[in-house]
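Structure assessment
If you want the building blocks of each chain, they are given just below.
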Amino acid sequence: MTRTNICRNGLAAVSGLLSGCAALAVAELVSAAVRPEAGPVTAVGGAAIDRTPAGVKDWAIRSFGTNDKLVLQLGILATLAAFALMLGLVALRFRRVGSAGVLLFGVVGAASAVGRPDSTGAVDGLPSFAGAIAGAALLYALVGRLTARREAADAGAELGWDRRGFLATAGAAALVSAGAGALGRGLNTSRGKDAVASRAAVNLPAPGSPAAAVPAGARLRAPGISSFTTPNKDFYRVDTALVVPKVDATRWRLRIHGKGVTRPVTYTFQDLLARELIERDITLTCVSNEVGGPYVGNARWIGVRLADLLREAGVRPPRRGGPADQLVARSVDGMTLGTPVDDVMDGRDAMLAVGMNGEPLPLVHGFPVRMIVPGLYGYVSACKWIEDIELTTFADYDPYWVKRKWARKAPIKTQSRIDTPKPFARPAAGTVMVAGVAWAQHRGIGRVEIRVDDGPWRPADLAAQATTDTWRQWSYPWKATPGSHTLTVRATDRTGELQTDRRARTIPDGASGRHSVVVTVD
Ligand SMILES: Nc1nc2c(c(=O)[nH]1)N[C@H]1C(S)=C(S)[C@@H](COP(=O)(O)O)O[C@H]1N2
Ligand SMILES: [Mo]
């Protein structure tokens, strides 16, 4: 290969990359006119999430935590970059094939966008299409400059290509792409402004039914223990939304309809705020939480009683002869979650929450309204950004996660976690405070025990019980002796049932087993 050829190949690859960037930039700009969620990276990412096998998704949540979405998007961009480089090289030889390749990516992006559950129709394909056409045209033009005087090069000239034309086109394209991309980004960001402004304007009324005072003894002072109330900024986040839905509360509506609904209704946000609000401490847990894992948090929620709204709509639970046994909640981004109607209407504090720890729901936790049902894992109860409630049956409809092999019904399993000491800590011999939390929502925690190595189970000191819907802190002053030791915890719920030692994976209905921590005492 001559130097000229190496140089030309390099420039062809760069042309591919530039064309890819231009395509994404134009797509971003057009998506601002259509819908931010219709952008190709978001659409393909969303489609990828929906098609990811449950095991892989669980692994991603476990490995990357709340960064799982960032990792996915970076992965998509890296893949696109690799293909763009290749298409540049292809285009140098087969100019039209290279451009056709760019168009093909546009088709994939457009199809993903149109196929999303929250898609508003064929217009959602526009950003990908417009981007692909711009990218394909640019690649065609750039490679044209690279091959302009190919004949001359073949005849032995030093650099047989239209250097000035290439640089001018590439430079202009880079500038225009950067401008279009930045403008699109800016417009997309400002689109969320209405939602943010409507949140700032919310004045949460005082609850007609305040939360029971948390007993003084419910908060232990052991350093390193999870705080009884999880601050919003530390509250775990698990959802499939690559772009956090930004809902303007002043335009939000909730429809309740379906089987056995004799009076279908639509509520506004103001309608909900005008009703009696209940305030409750409730611990939420994700079914993807491993034994000892972080996807559990306790917050003080404010909202309206869901059972009241259902009753007013004419709904009777199956145990009272109603025809619908499943409540399907649907969010603005097309997520669906299915909850047993009997659970929602059995007197527990199932609610449509509007507030979390004294403020309107944060955007990532479902602003303006989400569901909370004590005792059920989030994926069968805690719909964020809710906009529709349909009464149906388990036989007739499988919601999102159930289609992906998770269980139809999923009450939270009794669990306990050692927060301190941390794994592989090196405490000094003497009294070491072992402490953590245990939860068995809606049954309550009756007892927590600790075992050191293969010794006997010894009772831990329990914090006062706030309500059966919250976790309970515990602590155990351990007389630590030098050497390596394994600490294990187990809880018993208030029905007297002991937390099982049988290990189960998170799929299909939640992990089980006991949390242990190995420490070395110096
Ligand atoms: N719209 C929507 N709601 C959702 C989800 C989602 O992906 N989309 N995930 C559910 C799951 S699996 C859990 S565990 C909880 C988590 O709520 P959080 O992020 O506020 O902690 O939200 C639930 N509600
Ligand atoms: Mo979850």
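Just so we're clear, the structure is a prediction, and the values are computed from it rather than from any experiment.

Each value, and the rule that gives it
Residues numbered from 1 in each chain as written. Chains lettered and ligands numbered in written order. Predicted model: local features only at pLDDT ≥ 70, side-chain atom pairs only at ≥ 80, totals over all residues. Heavy atoms only, no water. Domains from an automatic or database assignment. Helix = DSSP H or I, 4+ residues; strand = E, 2+ residues; numbered from the N terminus. Buried < 20%, exposed > 50% of the residue type's maximum accessible area, 1.4 Å probe, protein only. Polar contact = N/O pair within 3.5 Å; in protein donor to acceptor, adjacent residues only side chain to side chain. Contact = heavy atoms within 4.5 Å. Phe/Tyr/Trp six-rings, centres within 6.5 Å; stacked < 30°, edge-to-face > 60°. Axes fitted to C-alpha atoms, helices over the stretch in contact; angles between N-to-C directions. Parallel < 35°, antiparallel > 145°, perpendicular 65-115°, else oblique. Nonpolar A, V, L, I, M, F, W, Y, C, P; charged D, E, K, R; others polar. Near = heavy atom within 4 Å. Areas by Shrake-Rupley, 256 points an atom, 1.4 Å probe, with all protein chains shown as cover. Pairing = 2+ DSSP bridges. Core = buried A, V, L, I, M, F, W, Y, C linked by side-chain atoms within 4.5 Å. Salt bridge = Lys/Arg side-chain N within 4 Å of Asp/Glu carboxyl O. Expected span 1.5 Å × (residues − 1).

1. Details of the domain arrangement of the protein chain
By a frequent convention, interface size equals the accessible area lost on bringing the separate parts together. Here the protein chain is partitioned into domain 1 (3-191), domain 2 (216-404) and domain 3 (415-521). Centre-to-centre, using C-alpha coordinates, domain 1 lies 51 Å away from domain 3.

2. Notes on the environment of F424
Looking at the element boundaries, F424 is found in the loop between strand 11 (415-420) and strand 12 (430-439). Among the residues examined, F424 registers a relative accessible area of 68% and is labelled exposed. For the pair F424 and H485, spaced 61 residues apart in sequence, the C-alpha separation works out to 9.7 Å.

3. Here's the deal with the side chain of T414
Mapped onto the elements, T414 comes out in the loop between helix 13 (400-403) and strand 11. Separated by 3.0 Å, the side chains of T414 and R443 make a polar contact. Beyond its immediate chain neighbours, meaning those up to four positions away, T414 contacts W439, A440, R443, I445, A491, D493 and Q499.

4. Points about the packing of aromatic side chains
Per the stated rule, a full pass over the model turns up 10 aromatic pairs. Measuring from centroid to centroid gives 5.2 Å for F83 and F105, while their planes differ by 55°, and the two rings are tilted. Linking F83 in helix 4 (residues 68-93) with F105 in helix 5 (residues 95-115), this pair joins segments that are 22 residues apart in sequence. Of the residues examined, F105 reaches a relative accessible area of 32% and is grouped as partly exposed.

5. As for the packing of helix 4 against helix 5
To describe two helices that pack against each other, one gives the angle between their axes and the distance between the axes. Running from N to C, helix 4 and helix 5 cross one another at 155°; their axes reach a closest spacing of 5 Å. By the angle between their directions, the pair helix 4 and helix 5 is classed as roughly antiparallel. Note on element contacts: helix 5 touches helix 4 through R95, V97, G98, G101, V102 and F105, opposite L80, F83, L87, V90, A91 and R93. The residue makeup of the contact of helix 4 with helix 5, split by class, is eight nonpolar, two polar and two charged.

6. Remarks on the site of ligand 1
The environment of ligand 1 is made up of 20 residues, and the closest members are Y236, T240, H365, R370 and K384. One of the backbone nitrogen or oxygen atoms of Y236 is found 2.7 Å away from an oxygen atom of ligand 1. Between ligand 1 and the protein, one listed contact pairs an oxygen atom with a backbone N or O atom of V238 at 3.1 Å. Summarising the interface, the protein chains cover 99% of the accessible area of ligand 1, which totals 530 Å² for the free molecule. In terms of residue class, the shell around ligand 1 is made up of 11 nonpolar, four polar and five charged.

7. A few points about the sheet that holds strand 5 (residues 326-331)
In space, the five strands of this open sheet follow the order 2-1-10-5-6, with mixed pairing throughout. Each end of this open sheet is capped by a strand with a single partner; those strands are strand 2 (265-268) and strand 6 (336-340). Sheet twist, expressed as the mean angle between neighbouring strand axes with direction ignored, is 20°. Both strand 1 (residues 253-258) and strand 2 contribute to a ladder of four bridges, which runs antiparallel. Along strand 2, the bridge assignment pairs L254 with Y267.

8. What about the nonpolar core?
By size, the foremost hydrophobic cluster in this structure holds 81 residues, and its most contacted members are W301, L327, L352, I386 and L391. Among the nonpolar cores identified, the runner-up in size contains 19 residues, and V434, W474, V517 and V519 belong to it.

9. A short note on unusual backbone geometry
Cis geometry is found at the peptide bond from F367 to P368, where omega equals 5°. Among the structural elements, P368 can be located in the loop between strand 8 (359-360) and strand 9 (370-372). The peptide bond linking T420 to P421 adopts the cis configuration, its omega dihedral lying at 0°. Located in the positive-phi region is N357, a residue other than glycine, with phi close to 50°. Secondary-structure assignment places N357 in the loop between strand 7 (351-356) and strand 8. Classification of N357 as partly exposed rests on a relative accessible area of 24%. For F424, which is not glycine, the phi torsion reads 65° and is therefore positive.

10. Some details on the sheet that holds strand 13 (residues 445-452)
Across the sheet, four strands lie side by side as 14-13-17-18; this open sheet has antiparallel pairing. Edge strands, defined here as strands with exactly one partner in the open sheet, are strand 14 (458-459) and strand 18 (516-521). The pairing of strand 13 with strand 14 spans two bridges and is classified as antiparallel. Bridging across to strand 14, E449 finds its partner in P459.

11. Side note on the pattern of salt bridges
Evaluation of the coordinates by the stated rule reveals 30 salt bridges. R116 serves as the salt-bridge partner of D50, at 2.2 Å between the closest nitrogen and oxygen. A residue pair is termed long-range when its members are at least 10 positions apart, and D50 in helix 2 (residues 40-51) and R116 in the loop between helix 5 and helix 6 (126-147) qualify at 66 residues. Owing to a relative accessible area of 14%, D50 belongs among the buried residues under this scheme. Between R490 and E449 there is a salt bridge whose closest N-O contact spans 2.8 Å. Of this pair, R490 sits in strand 17 (residues 483-493) while E449 sits in strand 13, and the two are 41 residues apart along the sequence. Like E449, R490 is buried. Connected through shared salt-bridge partners, D68, K69, R237, D239 and K384 make up one network.

12. Some remarks on the side chain of S99
Here S99 shows up in helix 5. Dropping the residues within four chain positions of it, S99 is found in contact with A136, L139 and Y140.

13. Comments concerning helix 8 (residues 163-191)
Taking 1.5 Å as the rise per residue, helix 8 with 29 residues should run 42 Å; its terminal C-alpha atoms sit 42 Å apart, in good agreement. Of all the positions in helix 8, only G165, F166, T169, A170, A173, S177, A180, G181, G184 and N188 are classed as buried. Buried residues along helix 8 sit against helix 1 (3-33) and helix 6.

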